[in-house]
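# Geometric and topological summary
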Amino acid sequence: AHESDTSKEEAKIKSAMSAAPMTIAKDARIVDYPEKPGQSLIELREGTNAWTCFPDWQATPGKDPMCFDKMWMQWFEAINAATDPNIKQPGIAYMLQGGSDASNTDPFAMKPKKGEQWVSAPPHIMLIVPGKLDTTLLSTDHHSGEPWVMYAGTPYEHVMIPVEEEIN
């Protein structure tokens with residue numbers, strides 16, 4: 001059983017590293033999701049840069065590994081604790097395999113509302129900034145093909161910046 005645990009762990013590390021450019025991923029801390037909400041993240045590999053990468057999250061239908069800078073880790077901890085992320089400077093995250101979210105508007109949705117589909121995002125970069133985003137300048141339409149605001153009007157709002165066309 002030990003050998004399969006190792007290969008499973010290696011697959012998770014490979015998945016997590018696929019989220020960002022190799023220059024970032026090769027030295028990033030790699031963590032996995034805990035078995036139960038509220039438990040600590042599981043460290044798969046220590047990192048030597050300021051980035052933390054996660055493998056694909058099994059709870060969603062699409063591939064969604066991600067790599068976060070320090071501000072995004074602060075955001076991640078806040079959303080998991082349902083507290084204000086208190087963003088003091090811009091933060092960048094990579095999701096170069098794309099993303100799969102239950103909602104574009106509800107940061108706490110675990111599955112889509114009745115009659116709605118999973119939000120399937122093309123490969124993208126995410127940006128958080130201090131203060132509120134102006135949705136008269138940025139769309140909230142995740143089908144526009146242009147950058148859009150996810151979770152607009154919540155403390156967790158951020159800009160999704162596609163780097164490839166949506167695959168239909």
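Residues numbered from 1 in each chain as written. Predicted model: local features only at pLDDT ≥ 70, side-chain atom pairs only at ≥ 80, totals over all residues. Heavy atoms only, no water.

With that settled, the discussion passes to the overall build of the protein chain. The helix and strand tally for the protein chain stands at 3 helices and 10 strands. Going residue by residue from the N terminus, the α and β elements of the protein chain occur as α-α-β-β-β-β-α-β-β-β-β-β-β. Here the protein chain has a C-alpha radius of gyration of 16 Å; the compact-globule value for 168 residues is 15 Å, and the two agree. Projected onto its principal axes, the C-alpha positions of the protein chain cover 55 × 35 × 30 Å. Burial analysis of the protein chain (168 residues in total) assigns 39% to the buried set. For the protein chain, the exposed surface amounts to about 9900 Å²; the carbon and sulfur share of it is 53%. Between the mean site of the 14 positive side-chain charges and the mean site of the 24 negative ones, the protein chain shows a separation of 4 Å. (Helix = DSSP H or I, 4+ residues; strand = E, 2+ residues; numbered from the N terminus. Rg over C-alpha atoms; globule rule 2.2 N^0.38 Å. Buried < 20%, exposed > 50% of the residue type's maximum accessible area, 1.4 Å probe, protein only. Areas by Shrake-Rupley, 256 points an atom, 1.4 Å probe, with all protein chains shown as cover. Lys, Arg positive; Asp, Glu negative; His and termini not counted. Charge placed at Lys NZ, Arg CZ, Asp CG, Glu CD.)

Our next topic: the layout of surface pockets. Empty space within the largest pocket amounts to approximately 980 Å³. Lining of the largest pocket is provided by 37 residues; of these, Tyr33, Trp57, Phe76, Ile79 and Asn80 occupy positions nearest its centre. Elements represented by at least two residues in the lining of the largest pocket include exactly strand E4 (66-68), helix H3 (70-81), strand E6 (99-101) and strand E10 (158-162). Counting residues per element, the lining of the largest pocket draws most heavily on H3, at 7 residues. For the lining of the largest pocket, the class distribution of residues is 24 nonpolar, 7 polar and 6 charged. (1 Å grid on protein atoms, 1.4 Å probe; cavity = no way out; pocket = protein on both sides within 12 Å on 5 of 7 lines; lining within 4 Å. Points joined across faces, edges and corners; volume = space filled by probe spheres on them. Nonpolar A, V, L, I, M, F, W, Y, C, P; charged D, E, K, R; others polar.)

The 8 strands are arranged E2-E1-E3-E4-E5-E8-E10-E9 in an open sheet whose pairing can be described as mixed. This sheet does not close on itself; its edge strands, each paired only once, are strand E2 (42-45) and strand E9 (148-150). Pairwise comparison of adjacent strand axes, ignoring direction, gives a mean angle of 30° for this sheet. When strand E1 (residues 29-32) meets strand E3 (residues 52-54), the two strands line up parallel, connected through 2 bridges. Bridging from a neighbouring strand, Arg29 pairs with Thr52 of E3. (Pairing = 2+ DSSP bridges. Axes fitted to C-alpha atoms, helices over the stretch in contact; angles between N-to-C directions.)

Attention now goes to the state of the cysteines. According to the stated counting rule, one finds 1 disulfide in the structure shown. There is a disulfide in this structure between Cys53 and Cys67, and the S-S distance comes to 1.8 Å. A torsion of 105° about the S-S bond marks the disulfide between Cys53 and Cys67 as right-handed. Here the residue Cys53 occupies a position in strand E3, and Cys67 occupies one in strand E4, the gap between them amounting to 14 residues. Side by side, Cys53 and Cys67 carry an identical accessibility label, which is buried. (Disulfide = S-S within 2.5 Å.)

With that settled, consider the packing of aromatic side chains. Summed over all chains, the structure comprises 10 aromatic pairs. Between Trp51 and Tyr94 the ring centres are 5.7 Å apart and the planes differ by 45°, which places this aromatic pair in the tilted class. Highlighted residues: Trp51 in the loop between E2 and E3 and Tyr94 in strand E5 (residues 91-95), separated in sequence by 43 residues. One exposure class covers both Trp51 and Tyr94, and it is buried. Here the aromatic cluster, defined as three or more aromatic residues joined through ring pairs, consists of Tyr33, Phe54, Trp57, Phe68, Trp72, Trp75, Phe76, Phe108 and Tyr156. (Phe/Tyr/Trp six-rings, centres within 6.5 Å; stacked < 30°, edge-to-face > 60°.)

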